[in-house]
Amino acid sequence: MLTNDDIVLLRKDFPILEEKIYGKPLIYFDNGATTQKPLQVLARIEYAYKHLNANIHRGVHYLSQKATEAHEDARSTVASFLGAAHREEIIFTRGTTEAINLVAFSFGEAFCNQGDEIVVSVMEHHSNIVPWQMLCERKGLTLRVIPMNEKGELDMQAYKSLLNSRTRLVSVTHVSNVLGTVNPVQEIIRLAHEQNIHVLIDGAQAVPHIKVDVKELDADFYVFSGHKIYGPTGIGVLYGKRELLDAIPPCQGGGEMIDKVTFEKTTYNILPFKFEAGTPDYIGSTALAEALRYVQAIGIERIAEYEHVLTRYATTRLLEIDGMHIIGTTENKSAVVSFLVGEIHPYDIGMLLDKMGIAVRTGHHCAQPLIDSLGITGTVRASFSFYNTTDEIDSFIAALKKVVLMLS
Ligand code: PLP
């Protein structure tokens with residue numbers, strides 16, 4: 001496991017962790033929203049703009065070829081990080097949201113007809129709800145929702161009963177951004193495949209924290225965002241099985257996605273270019289690859305183990321506080337703890353913690369249907385990274401105790 005000495009060294013890679021907020025040392029517990037960036041990623045961005053900047057795929061000149069190589073190497077890095085069988089199964093997008101929208105449009109065009117059904121779960125982020133609702137409206141489909149139990153675990157019996165001959169696709173999150181629940185996605189995929197139903201997994205909250213192997217999972221689509229795994233904003237990934245990506249149309253036109261254009265007809269490029277219209281974010285892709293190498297160098301298993309200890313420690317310490325209500329109590333949790341204290345509004349807790357230099361998230365966390373189903377208006381959410389420490393958790397608990405005293 002990562003030792004305290006390891007963490008001291010790793011923290012030096014993240015200059016922002018030295019910031020003072022209102023004169024207090026920053027304690028950053030909003031990693032579920034976005035992670036901080038290590039020097040290696042920042043250096044890669046600077047290097048790319050200083051030495052490798054030219055538009056890719058089109059130029060015969062040296063710089064363009066070098067930039068193209070870097071972008072395509074980044075694709076190979078992502079493919080090996082996810083355990084994809086083929087590098088052309090990796091499509092660069094702006095993030096998880098864009099990747100899901102791409103599938104909702106393109107898969108919807110090719111495979112969905114009036115009366116068909118899409119299955120999501122009650123704990124989805126809006127990004128994995130709204131694109132499917134848009135598809136439902138566009139093509140006359142119905143959205144079905146997997147419920148969960150009081151611990152925040154998906155009801156697998158109910159899931160099984162939702163699958164039928166009209167189900168075209170199941171789209172569920174690997175890890176809930178509110179509850180921290182790690183869903184049994186392998187089982188979800190297996191059950192869907194028994195009925196020839198395709199599955200998309202939203203990996204936004206999973207890839208930074210647990211080992212993901214898309215081949216082992218047998219996911220048809222798997223998506224994530226670079227900025228949540230120490231990479232830059234504006235870059236993300238859609239993994240799709242080659243035969244499926246080949247079978248669905250592009251959703252944007254222009255740029256490298258074409259094969260031949262005439263005014264009468266346009267034919268499309270091969271994978272992965274078919275889905276990367278316009279100038280791709282070739283600086284972002286190489287910086288994302290750097291972030292993935294950074295995570296691999298530490299070891300995702302070691303990260304998972306350490307973050308598990310942090311999350312358990314935070315949970316135990318939170319329970320010292322009178323009126324503490326942890327939302328999401330399954331055993332199999334990732335690095336997220338959501339909570340409420342008595343009748344105190346989460347926003348008030350977040351505001352006061354902020355004044356003490358502690359960044360947590362409050363509100364519905366872009367999962368309004370989940371929050372509604374719990375009969376609450378929101379939660380306070382602390383989400384951890386390997387660069388967080390038990391000392392920070394102690395400071396957070398001390399601050400929270402003060403806040404609760406002030407607000408009670
Ligand atoms: N899905 C989940 C589970 C998330 O937590 C998030 C972001 O918080 C998203 C999707 C959307 O990610 P992005 O805004 O990077 O597209």
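Residues numbered from 1 in each chain as written. Predicted model: local features only at pLDDT ≥ 70, side-chain atom pairs only at ≥ 80, totals over all residues. Heavy atoms only, no water.

Engineer: Would you explain unusual backbone geometry in this entry?
Structural biologist: Peptide bonds are mostly trans, and most non-glycine residues show a negative phi. A cis amide bond, omega 0°, links L271 with the succeeding residue P272. Its location among the elements puts P272 in the loop between β12 (266-268) and α10 (282-298). One non-glycine residue, N196, lies in the positive phi region at around 55°. Position of N196 relative to the elements: it lies in the loop between α7 (185-194) and β8 (198-202). A residue is classified by how much of its surface remains accessible, and N196, at 69% relative accessible area, is exposed. (Helix = DSSP H or I, 4+ residues; strand = E, 2+ residues; numbered from the N terminus. Buried < 20%, exposed > 50% of the residue type's maximum accessible area, 1.4 Å probe, protein only.)

Engineer: Whenever I open this one, the site of the ligand confuses me. Can you help?
Structural biologist: Around the ligand, a shell composed of T96, T97, H125, S127, T173, N177, D202, A204, Q205, S225, H227 and K228 is seen. D202 places a polar side-chain atom, nitrogen or oxygen, 2.5 Å from a nitrogen atom of the ligand. At 2.7 Å from an oxygen atom of the ligand is found a side-chain nitrogen or oxygen belonging to H227. For the ligand, whose unbound accessible area comes to 400 Å², protein coverage reaches 85%. Taking a 2 Å distance to the grid points as the criterion, the majority of the atoms of the ligand fall inside the largest pocket. Residue composition of the shell around the ligand, grouped by class: one nonpolar, nine polar and two charged. (Near = heavy atom within 4 Å. Polar contact = N/O pair within 3.5 Å; in protein donor to acceptor, adjacent residues only side chain to side chain. Areas by Shrake-Rupley, 256 points an atom, 1.4 Å probe, with all protein chains shown as cover. 1 Å grid on protein atoms, 1.4 Å probe; cavity = no way out; pocket = protein on both sides within 12 Å on 5 of 7 lines; lining within 4 Å. Sits in = over half its atoms within 2 Å of the grid points. Nonpolar A, V, L, I, M, F, W, Y, C, P; charged D, E, K, R; others polar.)

Engineer: Hey, could you run me through the domain arrangement of the chain in this one?
Structural biologist: For an interface, size is often stated in terms of accessible area lost upon the parts coming together. Considered domain by domain, the chain is made up of domain 1 (4-30 + 299-407) and domain 2 (42-296). One C-alpha centre belongs to domain 1, the other to domain 2, and the line joining them spans 28 Å. The interface of domain 1 with domain 2 comprises 34 residues on the first partner and 28 residues on the second. With both sides pooled, the region where domain 1 packs onto domain 2 buries about 2500 Å², and carbon together with sulfur makes up 60% of that total. The largest per-residue losses of area from domain 1 upon contact with domain 2 belong to I300, S334 and L370, which jointly make up 24% of the total buried on that side. (Domains from an automatic or database assignment. Contact = heavy atoms within 4.5 Å. Buried area = accessible area lost by both parts, 1.4 Å probe.)

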